[in-house]
Amino acid sequence: MDLLTTGDGSPTLVSPRYREGYHPREGARTQAERLFATLSGVSRLPDPRVIEVGFGLGINFLASLQTVRARGGTLFYLGLEPEPVPVAVLDRVLSGCRLAAGEAERLLLAWERGLDFVLTGEGYLLEVRFVSLDRAELPPGWADAVYYDPFSPKANPAAWSLANLAKAVQALRPGGVLVSYTVAGWVRRNLTRLGLVPDRVPAYGGKRHWLRARLVSGSGPERPPGEHKPA
Ligand SMILES: C[S@@+](CC[C@H](N)C(=O)[O-])C[C@H]1O[C@@H](n2cnc3c(N)ncnc32)[C@H](O)[C@@H]1O
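Residues numbered from 1 in each chain as written. Predicted model: local features only at pLDDT ≥ 70, side-chain atom pairs only at ≥ 80, totals over all residues. Heavy atoms only, no water.

Peer 1: Just give me the short version of the site of the ligand, but keep the residues and values in it.
Peer 2: Around the ligand, the structure places 21 residues, and the nearest of them are Gly54, Leu57, Asn60, Glu81 and Asp149. One nitrogen or oxygen atom from the main chain of Asn60 is found 2.9 Å from an oxygen atom belonging to the ligand. In this structure, a nitrogen atom belonging to the ligand sits 3.0 Å away from a side-chain N or O atom of Asn156. Burial of the ligand by the protein chains amounts to 97% of its free accessible area of 600 Å². Sorting the residues of the shell around the ligand by element identifies strand 4 (49-53) and helix 2 (59-70) as the ones contributing at least two each. Grouping the constituent residues of the shell around the ligand by class yields 10 nonpolar, seven polar and four charged. (Near = heavy atom within 4 Å. Polar contact = N/O pair within 3.5 Å; in protein donor to acceptor, adjacent residues only side chain to side chain. Areas by Shrake-Rupley, 256 points an atom, 1.4 Å probe, with all protein chains shown as cover. Helix = DSSP H or I, 4+ residues; strand = E, 2+ residues; numbered from the N terminus. Nonpolar A, V, L, I, M, F, W, Y, C, P; charged D, E, K, R; others polar.)

Okay, structure coming up:
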């Protein structure tokens, strides 16, 4: 797997299977900070709870940790990852990232064992489960934010099925948000049917918009409605 250096100097990978980058060429760390940690509201909450669909290289986790820890909070983070990269690859990515460096070391040690793990440290509790969203069990009504990051709907449509979205939404607390880089109309329509209010928010770099969808208080998916699919 070849590393790429993105526009802000942080590295990423291109997935041979999905033929897509793990992060945008404009900046892996910048997207993690602006879209996932900030647009989600995680950077402003005292002790945020996050579920990430597609833990990937851990860059969103480390960027979120950095911002939460700077304010003296504690980050509770559950990451799902069905296809973990080899530890040597993760090592190269994280040493190029300059994010929460001490924690990157601990993450590598846990990753190397190849088993689900829980890691605690200053200002965080991280659980990583090596499983895909469709096979995962998630705590209902738990998360302040879902980072929905399993590659794009075009590259990985199965990950964006209505059943998968509904599962992620059920893990959100009322008022919680789901954030993603895609603003595809059919994804927004499915989220609306699941009780969220999706907004297109100005993005950074090559994208015009990112997605932030908030779960309206007291609503939520009760019965899966008919699925909207791409044309
Ligand atoms: C764009 S990368 C994620 C980058 C990551 N969030 C980071 O901060 O480094 C997409 C990841 O989603 C994972 N993935 C693909 N399908 C998935 C699924 N159905 N459920 C959970 N994760 C999935 C891939 O294995 C890949 O690691």
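And the narrative resumes.
Peer 1: Kindly report on the confidence of the model for the protein, identifying the contributing residues and their values.
Peer 2: Chain-level statistics for the protein give a pLDDT mean of 92 and a share of 94% at 70 or above. In the predicted structure, residues 220-225 sits below a pLDDT of 50 and forms 10 contacts with residues beyond four places in sequence or in another chain. (pLDDT = per-residue confidence, 0-100. Contact = heavy atoms within 4.5 Å.)

Peer 1: Which residues make up the sheet that holds strand 2 (residues 11-15), and what are the values?
Peer 2: Strand order across the open sheet formed by three strands is 1-2-3, with antiparallel pairing between neighbours. The sheet is open, and its two borders are formed by strand 1 (3-5) and strand 3 (20-21), each paired with just one other strand. This element, helix 3 (residues 87-95), spans strand 1 and strand 2 of the sheet and lies at about 140 degrees to strand 2. (Pairing = 2+ DSSP bridges. Axes fitted to C-alpha atoms, helices over the stretch in contact; angles between N-to-C directions.)

Peer 1: Account for the packing of aromatic side chains, with residues named and values stated.
Peer 2: The description of two aromatic rings rests on the distance between their centres and on the angle between their planes. Enumeration over the complete set of coordinates arrives at 12 aromatic pairs. Centroid distance Tyr148 to Trp160: 4.7 Å. Interplanar angle 55 degrees. Geometry classified as tilted. Taken together, the residues Tyr148 in strand 8 (residues 143-148) and Trp160 in the loop between strand 8 and helix 5 (162-170) connect sequence positions 12 residues apart. Residue classification places Tyr148 among the buried positions, given a relative accessible area of 0%. (Phe/Tyr/Trp six-rings, centres within 6.5 Å; stacked < 30°, edge-to-face > 60°. Buried < 20%, exposed > 50% of the residue type's maximum accessible area, 1.4 Å probe, protein only.)

Peer 1: So what's going on with the pattern of salt bridges? Which residues, and what values?
Peer 2: What the rule picks out here adds up to six salt bridges. Among the salt bridges present, the one from Glu103 reaches Arg69, with a minimum N-O distance of 3.1 Å. Placement of Glu103 in helix 4 (residues 101-112) and of Arg69 in helix 2 is noted, with a sequence separation of 34 residues between them. For Glu103, a relative accessible area of 10% puts it in the buried group. The closest approach of N and O atoms between Arg106 and Glu103, which form a salt bridge, is 3.7 Å. Taken together, the positions of Arg106 and Glu103, both in helix 4 and three residues apart, correspond to about one turn of that helix. Residue class for Arg106 comes out partly exposed when judged on its relative accessible area of 34%. Salt bridges here are not isolated pairs; linked through shared partners, they connect Arg69, Glu103 and Arg106. (Salt bridge = Lys/Arg side-chain N within 4 Å of Asp/Glu carboxyl O.)

Peer 1: Lay out the packing of helix 1 (residues 28-39) against helix 2 in plain terms, naming residues and giving numbers.
Peer 2: The contact between helix 1 and helix 2 brings their axes to 9 Å, and the two run at 65 degrees. Considering how the two elements wind past one another, helix 1 and helix 2 form a crossing that is right-handed. Across from Ala28, Arg29, Ala32, Glu33, Phe36 and Ala37 in helix 1, the residues of helix 2 making contact are Ile59, Asn60, Ala63, Ser64 and Thr67. Residues of the contact of helix 1 with helix 2, tallied by class, amount to six nonpolar, three polar and two charged. (Left-handed = near helix turned anticlockwise from the far one by under 90°.)

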